[in-house]
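One-letter residues, chain by chain:
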Amino acid sequence: MELASALDYIRPRKNGVLVALKRDGRPQLSNITYALGADDVVRISITAGRAKYANLERDARASLYVSQEDFWGYVVLEGAADLAPVAVAPADPTVDELVALYRSVAGEHPDWDDYRRAMVADRRAVVRLRATRAYGMTS
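Residues numbered from 1 in each chain as written. Predicted model: local features only at pLDDT ≥ 70, side-chain atom pairs only at ≥ 80, totals over all residues. Heavy atoms only, no water.

Q: Please give an account of the packing of aromatic side chains that cites residues and values.
A: Scanning the model with the defined rule gives five aromatic pairs in all. The interplanar angle of 80 degrees and the centroid separation of 5.4 Å between the aromatic rings of Tyr102 and Trp112 together place this pair among those described as edge-to-face. Of this pair, Tyr102 sits in helix α3 (residues 93-106) while Trp112 sits in helix α4 (residues 112-121), and the two are 10 residues apart along the sequence. The class of Tyr102 is partly exposed, set by a relative accessible area of 25%. On the basis of relative accessible area, Trp112 is assigned to the buried category, the value being 16%. Between Tyr102 and Tyr115, the aromatic rings sit 5.1 Å apart at their centres with planes inclined by 65 degrees, giving edge-to-face as the arrangement. One end of the pair, Tyr102, is in helix α3; the other, Tyr115, is in helix α4, and 13 residues separate them in sequence. Connected via pairs of aromatic rings, a cluster forms that spans Tyr102, Trp112 and Tyr115. A cation over a ring is seen here: Arg13 above Tyr9, with NZ or CZ 3.9 Å from the ring centre. (Phe/Tyr/Trp six-rings, centres within 6.5 Å; stacked < 30°, edge-to-face > 60°. Helix = DSSP H or I, 4+ residues; strand = E, 2+ residues; numbered from the N terminus. Buried < 20%, exposed > 50% of the residue type's maximum accessible area, 1.4 Å probe, protein only. Lys NZ or Arg CZ within 6 Å of the ring centre and 35° of its normal.)

This is how it looks when you write it as structure tokens:
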């Protein structure tokens, strides 16, 4: 499957499964919500200190599985993930990126100041997956 076709397939969708690698090489899977930017980078909000963050920090190889609603079609993107710095202040660049991600997925938040404080309190970061390969089967 061509990468451009795979990106077109996942662009209107929002939910998938992020696959990272555990220390022993086995896959660690997490249901996630994502946004695919105009720059073709997949962005995902995660919490520092959890397995997904630690695994991606240690090994940047990642895959994103996105299925059709009927479950019979799917696309997998593979590539390198990089982690934004953990949010440390309501006005830092990571929180700005989290705000943009939220808007892409859910629209406007009822209280952006509260959202920004929560991103810092939760120790949120952004995973940026830059796909280099894709495979799948779509109908």
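Q: So what about the pairing of strand β2 (residues 27-36)? Which residues, and what values?
A: If a strand is regular, its side chains alternate between the two faces of the sheet. Relative to β2, strand β1 (residues 15-21) is paired through seven bridges, and the arrangement is antiparallel. Following the sheet pairing, Gly16 is matched in β2 by Ile32. Adjacent in sequence and paired antiparallel, β1 and β2 are bridged by five residues, among which Gly25 carries a positive phi angle near 95 degrees. Counting the residues that bridge the hairpin from β2 to strand β3 (residues 42-47) gives five residues, and of these Asp40 lies at a positive phi of roughly 65 degrees. (Pairing = 2+ DSSP bridges.)

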